[in-house]
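Chains, contacts and geometry: an overview
Spelled out, the chains give:
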Amino acid sequence: MTREEEKFFMREAIRLSVENVESGKGGPFGAVVVKNGVIIAHGANEVTTSNDPTAHAEVVAIRRACHALGTFQLDDCDIYTSCEPCPMCLGAIYWARPARLFYANTKKDAADIKFDDQFIYEELELPLTDRKLPTRQLLRDEALKAFELWKNSTDKILY
């Protein structure tokens, strides 16, 4: 893919971010998933319109791309996003396994307009007992049954 093609796809992600703000539908974030030089899915931030805190542009685009491709991985795909992904989106991107990731605005740019994820990065470094979200483990022995079933299953699909 040429630099001009990469710029074209990034401009589409940026266009979606601007359109999302202008329409009042959500935050200033857009993303596209590209395979073989074709946009196969797009997404914009839908957190407030869908009442779904996970409906970030990247997650929306990944869900749509996987649906369009009929798969749970984005092999040989590129993701273009208007902003450096937050921790949740970055995790989703890694799970989706695209070939490449491109972003425009930085996480500092996002923090400057009150989209600051630094507290999440800091929380992840803390022991569970020191995190702001009270977290306790319960019923591990009972929960291990599902893991044992998975481990011994002969018809599972690895991912």
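Structural notes, computed from the coordinates. (Residues numbered from 1 in each chain as written. Predicted model: local features only at pLDDT ≥ 70, side-chain atom pairs only at ≥ 80, totals over all residues. Heavy atoms only, no water.)

**Considerations on the packing of aromatic side chains**
Taken as a whole and assessed by the stated rule, the structure comprises 5 aromatic pairs. With 5.5 Å between their ring centres and 45 degrees between their planes, Phe9 and Tyr80 make a pair best called tilted. Within this pair, whereas Phe9 is found in helix H1 (residues 3-23), its partner Tyr80 is found in strand S3 (residues 77-83), the two being separated by 71 residues in sequence. Summarising the burial analysis for this pair, Phe9 and Tyr80 share the class buried. Ring geometry for Tyr80 versus Phe102: centroids 4.5 Å apart, planes at 5 degrees, classification stacked. Taken together, the residues Tyr80 in strand S3 and Phe102 in strand S4 (residues 100-105) connect sequence positions 22 residues apart. Accessibility expressed as a relative area gives 18% for Phe102, which makes it buried. These aromatic residues form a ring-pair network of at least three members: Phe8, Phe9, Tyr80 and Phe102. In this arrangement the basic side chain of Lys107 is found over the ring face of Tyr121, its NZ or CZ atom lying 4.4 Å from the centre. (Phe/Tyr/Trp six-rings, centres within 6.5 Å; stacked < 30°, edge-to-face > 60°. Helix = DSSP H or I, 4+ residues; strand = E, 2+ residues; numbered from the N terminus. Buried < 20%, exposed > 50% of the residue type's maximum accessible area, 1.4 Å probe, protein only. Lys NZ or Arg CZ within 6 Å of the ring centre and 35° of its normal.)

**Considering the pairing of S3**
Burial within S3 is extensive, with 7 of its 7 residues counted as buried. Alignment of strand S1 (residues 30-35) against S3, held across 5 bridges, turns out to be antiparallel. Across the sheet, Val32 pairs through a bridge with Tyr80, a residue of S3. By the bridge criterion, 5 bridges tie S3 to S4 in an arrangement that is parallel. Opposite Ile79, over in S4, you have Leu101 as the bridge partner. (Pairing = 2+ DSSP bridges.)

**Observations concerning unusual backbone geometry**
Unlike most non-glycine residues, Asp76 shows phi in positive territory, near 60 degrees. A relative accessible area of 58% means that Asp76 is categorised as exposed. Despite not being glycine, Lys114 has its phi angle at roughly 80 degrees, a positive value. Turning to its location among the elements, Lys114 is positioned in the loop between helix H5 (107-112) and helix H6 (118-125).

**As for the sheet that holds S4**
Judged by pairing direction, the sheet is mixed, and its 4 strands sit side by side in the order S2-S1-S3-S4 without closing on themselves. Since the sheet does not close on itself, it has two edges, and those belong to strand S2 (38-44) and S4, each with one partner. Adjacent strand axes in the sheet meet at a mean angle of 15 degrees, parallel and antiparallel pairs treated alike. The sheet strands contacting helix H3 (residues 57-69) are S1, S2 and S3, and the helix crosses S2 at an angle near 140 degrees. (Axes fitted to C-alpha atoms, helices over the stretch in contact; angles between N-to-C directions. Contact = heavy atoms within 4.5 Å.)

**What to know about the pattern of salt bridges**
Evaluated as defined, the whole model comprises 11 salt bridges. Close ionic contact of Arg63 with Asp52 constitutes a salt bridge, the shortest N to O distance being 3.7 Å. Within this pair, whereas Arg63 is found in helix H3, its partner Asp52 is found in the loop between helix H2 (47-50) and H3, the two being separated by 11 residues in sequence. For Lys108, the salt bridge is made with Asp112, and the minimal N-O distance between the two is 3.1 Å. Taken together, the positions of Lys108 and Asp112, both in helix H5 and 4 residues apart, correspond to about one turn of that helix. By relative accessible area, Lys108 is classed as exposed at 54%. Through salt bridges that share partners, Arg3, Glu6, Asp78 and Arg100 make up one connected network. (Salt bridge = Lys/Arg side-chain N within 4 Å of Asp/Glu carboxyl O.)

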